[in-house]
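Okay, here's what each chain looks like letter by letter:
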Amino acid sequence: MNGRDTGDFRERVRQSFGRQGAMGMLGAELTRVEQAIIEIELPFDIKLTQQHGFLHAGVISAALDAACGYAAYTVIEPDASILTIEFKVNLMSPGRGDRFLFRGEITKPGSTIIVADGRAYAIGDGPAKLIASMTGTMMVIRGREDVTG
């Protein structure tokens, strides 16, 4: 996508995702890893809801942030890392479903700043329903021992 050697990004993403305590706590699974596209799925769990029984906006935002961040991670060199520096979430419909799909895709790759867009879908009896979107800005981190993978 950007001409940089991204190495074995699939394995790097899987290893890094495995170290994410937040995604583990939510029960999220990495289900698609391609260059510039990541999908994360999450089963419905009553412990992740707000007072009306819908998936909490904070959970939706966290999963979208992870999907967008990992999408950015697929397009950078192996010795660099990613940190989110900004995002905007639009909540379009209540988070009601049996499962949820969070897709992050790179909109604008860059050597220092990467922009990604995310979409969250509720999956139930009918067709998948778009429940939220995100635009996120990620910063590429290089040369910092305290920020790796």
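A. Expanded view of the overall build of the protein chain. Within the protein chain one finds three helices and six strands. Each helix (α) and strand (β) of the protein chain, taken in turn from the N terminus, gives the series α-α-β-β-α-β-β-β-β. On C-alpha atoms alone, the protein chain measures out to a radius of gyration of 15 Å, which is about the 15 Å that the 2.2 N^0.38 rule sets for 149 residues. Dimensions of the protein chain along its principal axes, counting C-alpha atoms only, are 45 × 25 × 25 Å. Relative to its full complement of 149 residues, the protein chain shows a buried share of 45%.

B. View of the pattern of salt bridges. This model, assessed by the stated rule, comprises seven salt bridges. Salt-bridge contacts for Glu34 lead to Arg32; the nearest nitrogen and oxygen are separated by 2.8 Å. Of the charged contacts, one joins Lys47 and Asp45 as a salt bridge, the two residues approaching to 3.8 Å between their closest N and O atoms. With a relative accessible area of 68%, Lys47 lands in the exposed category. Overall, the relative accessible area of 25% leaves Asp45 in the partly exposed class.

C. Layout of the nonpolar core. Counting residues in hydrophobic clusters, the biggest one holds 40 residues, and the most contacted among them are Phe102 and Ile114. Per element, the largest residue contribution to this core is 11 residues, and it comes from helix α3 (residues 57-73). Discounting chain neighbours no more than four positions away, the residues touching Ile114 are Ala72, Val75, Ile76, Ile82, Ile106, Lys108, Pro109, Gly136, Thr137, Met138 and Val140.

D. Expanded view of the sheet that holds strand β4 (residues 99-108). Read from one edge to the other, the open sheet built from six strands follows the order β1-β2-β4-β5-β6-β3, with strand pairing classed as antiparallel. Strand pairing shows two members of the sheet lacking a second neighbour, β1 (29-34) and β3 (81-91), which therefore form its edges. Averaged over all pairs of adjacent strands, the angle between strand axes in this sheet comes to 20 degrees, irrespective of strand direction. Bridging between β4 and strand β5 (residues 113-123) involves nine bridges; their strand directions are antiparallel. Within the sheet, the bridge partner assigned to Glu105 lies in β5 and is Asp117. Helix α1 (residues 9-18) rests against β1 and β2 (37-43) of the sheet, and its axis sits at about 160 degrees to β1.

E. Representation of the pairing of β4 in the model. Relative to β4, β2 runs antiparallel, the two being bridged by seven bridges. Paired with Leu42 across the bridge in β4 is Phe100. In textbook terms, the turn of a hairpin is the stretch between consecutive antiparallel strands, and for β4 and β5 this stretch comprises four residues.

F. A look at α1. For α1, the complete set of buried residues consists of Phe9, Arg12, Val13, Ser16 and Phe17. One side of α1 carries all its buried residues, which in axial view fall inside an arc of 125 degrees. As for α1, its buried residues are in contact with α2 (21-26), β1, β2 and α3.

G. Local environment of the environment of Pro78. Note on placement: Pro78 falls in the loop between α3 and β3. Taking the C-alpha atoms as reference, Pro78 lies 13 Å from Arg14; in sequence the two are 64 residues apart.

H. Structural context of the environment of Ile60. Inspection of the secondary structure puts Ile60 in helix α3. For Ile60, a relative accessible area of 2% corresponds to the buried category. Once residues within four sequence positions are removed from consideration, Ile60 is found in contact with Leu55, Leu91, Phe102, Ala120, Ile131 and Ala132.

Calculation criteria
Residues numbered from 1 in each chain as written. Predicted model: local features only at pLDDT ≥ 70, side-chain atom pairs only at ≥ 80, totals over all residues. Heavy atoms only, no water. Helix = DSSP H or I, 4+ residues; strand = E, 2+ residues; numbered from the N terminus. Rg over C-alpha atoms; globule rule 2.2 N^0.38 Å. Buried < 20%, exposed > 50% of the residue type's maximum accessible area, 1.4 Å probe, protein only. Salt bridge = Lys/Arg side-chain N within 4 Å of Asp/Glu carboxyl O. Core = buried A, V, L, I, M, F, W, Y, C linked by side-chain atoms within 4.5 Å. Contact = heavy atoms within 4.5 Å. Pairing = 2+ DSSP bridges. Axes fitted to C-alpha atoms, helices over the stretch in contact; angles between N-to-C directions. Arc of directions from axis to C-beta.

Interpretation in functional terms is not warranted from these geometric data alone.
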